[in-house]
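Reading the structure
Read off the chains here:
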Amino acid sequence: MILFVNARQVVTCAGPGAARRGLALADVGVRSDVAVLVDGERIAAVDAQHELEQAHPGATRVDCGGRLLTPGLVDSHTHAIFGRARYEEQELRAAGHDYMEIARRGGGIHSSVRDLRARDEDELVSLALPRLRAIASHGTTTVEVKSGYGLTVDDELKTLRAIRRLGELLPLRLVPTWLGAHEIPLEYRTAERTREDYLRLLVDEMLPRVAADGLARFADVFCEPGVYTVEESRRVLTAARGAGLGLRLHADELRPSGGAELAASLGAASADHLAAISDAGVAALAASDTVATLLPGTMLFLGKATQAPARRLVEAGAAIALASDFNPGTSPTVNFPLVLTLAVSQLRLSAAEALVAATVNGAAGLRLADRVGQIAPGFDADLALWDADDYRELPYWYGDRRCRGTWVRGKPCHQYELGLS
Ligand SMILES: [Zn+2]
């Protein structure tokens, strides 16, 4: 047993194990003078410190030193498996070339695809390890990780196997997603090999292998004008659902195309991006269990003036989550608290709403809300300790690293200058 004592604030986010909407999005549950008892992988009690100390004198004590303790953050959208960085595209965008134009010229996702295909699984694992450790060092304890830079059967399986190995090497909780439909690969844009051939490869060859090997929990598609149409996305996701995978969708990122409506109609766990969502899309998500996952770091890094209409989504009754979209092209950040900053300053959320969107609702977007994202009895002991007196400091000290320790299922994950064990 472990007893976390002497926290100035314990922000529990405790409540129903489901996505929070409307006013409930701000239910962070601030406690003081409480300790947190962990038994094995689970939280056993959150109660008055002196009572827990008396009842469990043999428990290992972790002295929080007057700091802030929160649930570990849940980053429900990343592309953390990639090869080289793509810093040159940042300058191209600054010079006026937009994202879709860079992609058409063979940059963007295609550039990462060429790069990843040339690397073996061991290399992908060793490249991703320090990145995932850096993610954990900023307070994240659950990370969804997508494939999608392979776009052949072998290269997608190689990527997903790398994710599985990383999940065994690190205490972080990794949630694997198959994103074979991230782009139409360049070799399927000829008269001999067409996008229809690639769609058949996805559905008839790649998906069955991914499902048979149990390598992914979710399937995802980049539904966007110029990438996958709504009909093509429906075809891939319907097949994926039939193969037993949960569904997610890159939807309405740059232009509205009906992606949010598609995600809702298919019962997807999450519809992501949504910076260009239509009114019908907002209404569809509000009436569904699909979590609207917002990625404000991406729009910031792309230099876009627009952001997803977070307030409109909340007011309509949609469940919103936040995620980093960590990827080499459009959001190369491992700093999830920085996304909380953007959620407050750009999306106009309160700090409380941002924190629930990054814990409880992130977990809901991964269909884990019944056991992840809260400091409450029965939940997995995923914790983050911060150099802060108050949870509102998380979005406030923007760009800083305030996290001093994370635990996943009761095991130390990242410990920074604490001497904790
Ligand atoms: Zn993405």
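Quick look at the sheet that holds strand 15 (residues 320-322) now. Strand order in the open sheet made by the 8 strands is 8-9-10-11-12-13-14-15, with parallel pairing throughout. The open sheet has two edge strands, strand 8 (73-75) and strand 15, and neither has a second partner. The average angle at which neighbouring strand axes cross in this sheet is 25 degrees, direction not considered. Two strands pair when backbone bridges link them, and strand 11 (residues 218-223) and strand 12 (residues 246-251) are joined in this way by 4 bridges, in the parallel orientation.

Below, the discussion takes up the coordination of the zinc ion. On the protein side, the zinc ion has His 77 (NE2), His 79 (NE2) and His 250 (NE2) as donor atoms, found 2.0 to 2.1 Å from it. Sequence spacing of the donor residues for the zinc ion, all on one chain, is H-x1-H-x170-H. His 77 sits in the buried class, given a relative accessible area of 0%. Residue classification places His 79 among the buried positions, given a relative accessible area of 3%.

By secondary structure assignment, the location of Thr 298 is in helix 11 (residues 296-301). Given a relative accessible area of 0%, Thr 298 falls into the buried group. Side-chain polar atoms of Thr 298 contact the side chain of Asp 325, separated by 2.7 Å. Setting aside chain neighbours within four positions, we find Thr 298 in contact with Glu 253, His 273, Ser 324, Asp 325, Thr 330 and Ser 331.

Let us look at the side chain of His 250. Among the secondary structure elements, His 250 is positioned in strand 12. Relative accessible area serves as the criterion here: at 2%, His 250 is assigned to the buried category. Excluding its chain neighbours within four sequence positions, the residues that come into contact with His 250 are His 77, His 79, Lys 146, Leu 179, Asp 220, Val 221, Phe 222, Cys 223, Asp 272 and His 273.

The next point concerns the sheet that holds strand 3 (residues 30-31). With mixed pairing, 6 strands are arranged side by side in an open sheet as 3-2-7-16-17-18. The open sheet has two free edges, formed respectively by strand 3 and strand 18 (411-415), since each of these has just one partner strand. As judged from the 4 bridges shared by strand 17 (residues 403-408) and strand 18, these two strands associate in the antiparallel manner. If you follow Trp 407 over to strand 18, its bridge partner there is Pro 412. On top of the sheet, helix 5 (residues 121-137) reaches strand 17 and strand 18; it is set at about 95 degrees to strand 18, its chief contact.

Evaluation of the coordinates by the stated rule reveals 4 cavities of 30 Å³ or more. Of the pockets and cavities examined, the largest cavity occupies roughly 120 Å³. If you go around the largest cavity, you meet 14 residues; those closest to its centre are His 79, Tyr 99, His 182, Asn 327 and Thr 330. A class-by-class count of the residues in the lining of the largest cavity yields 4 nonpolar, 7 polar and 3 charged.

Glancing now at the layout of surface pockets. Put simply, the largest pocket is a space of about 200 Å³. Taken together, 14 residues line the largest pocket, and the ones lying closest to its centre are Arg 164, Gly 167, Leu 174, Pro 176 and Arg 217. The set of elements that each furnish at least two residues to the lining of the largest pocket consists of helix 6 (153-169) and strand 10 (173-181). Ranked by the residues each element gives to the lining of the largest pocket, the list is headed by helix 6, at 5 residues. Broken down by class, the residue content of the lining of the largest pocket amounts to 6 nonpolar, 2 polar and 6 charged.

Okay, the packing of aromatic side chains next. Counted under the stated rule, the structure contains 4 aromatic pairs. Note on Tyr 396 and Trp 397: the rings are 4.8 Å apart at their centroids and 80 degrees apart in plane angle, and the pair reads as edge-to-face. Across the ring face of Phe 82, the terminal group of Arg 131 is positioned such that the distance to the ring centre comes to 3.7 Å.

Let us look at the nonpolar core. Residues Leu 132, Trp 178, Leu 274, Leu 285 and Leu 322 are the most contacted members of the largest nonpolar core, which totals 104 residues. If sequence neighbours within four positions are ignored, Leu 322 has contacts with Val 74, Ser 76, Leu 294, Pro 296, Phe 336, Val 339, Leu 340, Ala 343, Leu 347, Leu 349, Ala 354 and Ala 357. Membership of the second largest hydrophobic core comes to 17 residues, among which are Phe 4, Ala 7, Val 34 and Ile 43.

A few words now on helix 5. Here helix 5 is 17 residues long and its end C-alpha atoms lie 24 Å apart, about the 24 Å a rise of 1.5 Å per residue gives. Approximately 30 degrees is the largest bend angle found in helix 5, and it occurs at Ala 128, with the proline Pro 130 only one to four residues beyond. Those residues of helix 5 lying buried are Glu 121, Leu 124, Val 125, Ala 128, Leu 129, Arg 131, Leu 132, Ile 135, Ala 136 and Ser 137. Looking at the buried side of helix 5, the elements it contacts are helix 4 (109-117), strand 9 (140-146), helix 6, strand 10, strand 17 and strand 18. Between a side-chain oxygen at the N-terminus of helix 5 and the backbone nitrogen of Asp 122 the separation is 3.3 Å; the capping residue is Asp 120. Backbone geometry just downstream of helix 5 places Gly 139 in the positive-phi region, at approximately 100 degrees.

Basis of the calculations
- Residues numbered from 1 in each chain as written.
- Predicted model: local features only at pLDDT ≥ 70, side-chain atom pairs only at ≥ 80, totals over all residues.
- Heavy atoms only, no water.
- Pairing = 2+ DSSP bridges.
- Helix = DSSP H or I, 4+ residues; strand = E, 2+ residues; numbered from the N terminus.
- Axes fitted to C-alpha atoms, helices over the stretch in contact; angles between N-to-C directions.
- Donors = N, O, S within 2.8 Å, 3.2 Å for Na, K, Ca; no water.
- Buried < 20%, exposed > 50% of the residue type's maximum accessible area, 1.4 Å probe, protein only.
- Polar contact = N/O pair within 3.5 Å; in protein donor to acceptor, adjacent residues only side chain to side chain.
- Contact = heavy atoms within 4.5 Å.
- 1 Å grid on protein atoms, 1.4 Å probe; cavity = no way out; pocket = protein on both sides within 12 Å on 5 of 7 lines; lining within 4 Å.
- Points joined across faces, edges and corners; volume = space filled by probe spheres on them.
- Nonpolar A, V, L, I, M, F, W, Y, C, P; charged D, E, K, R; others polar.
- Phe/Tyr/Trp six-rings, centres within 6.5 Å; stacked < 30°, edge-to-face > 60°.
- Lys NZ or Arg CZ within 6 Å of the ring centre and 35° of its normal.
- Core = buried A, V, L, I, M, F, W, Y, C linked by side-chain atoms within 4.5 Å.
- Expected span 1.5 Å × (residues − 1).
- Bend = angle between axes of the 7 residues up to and from the residue.

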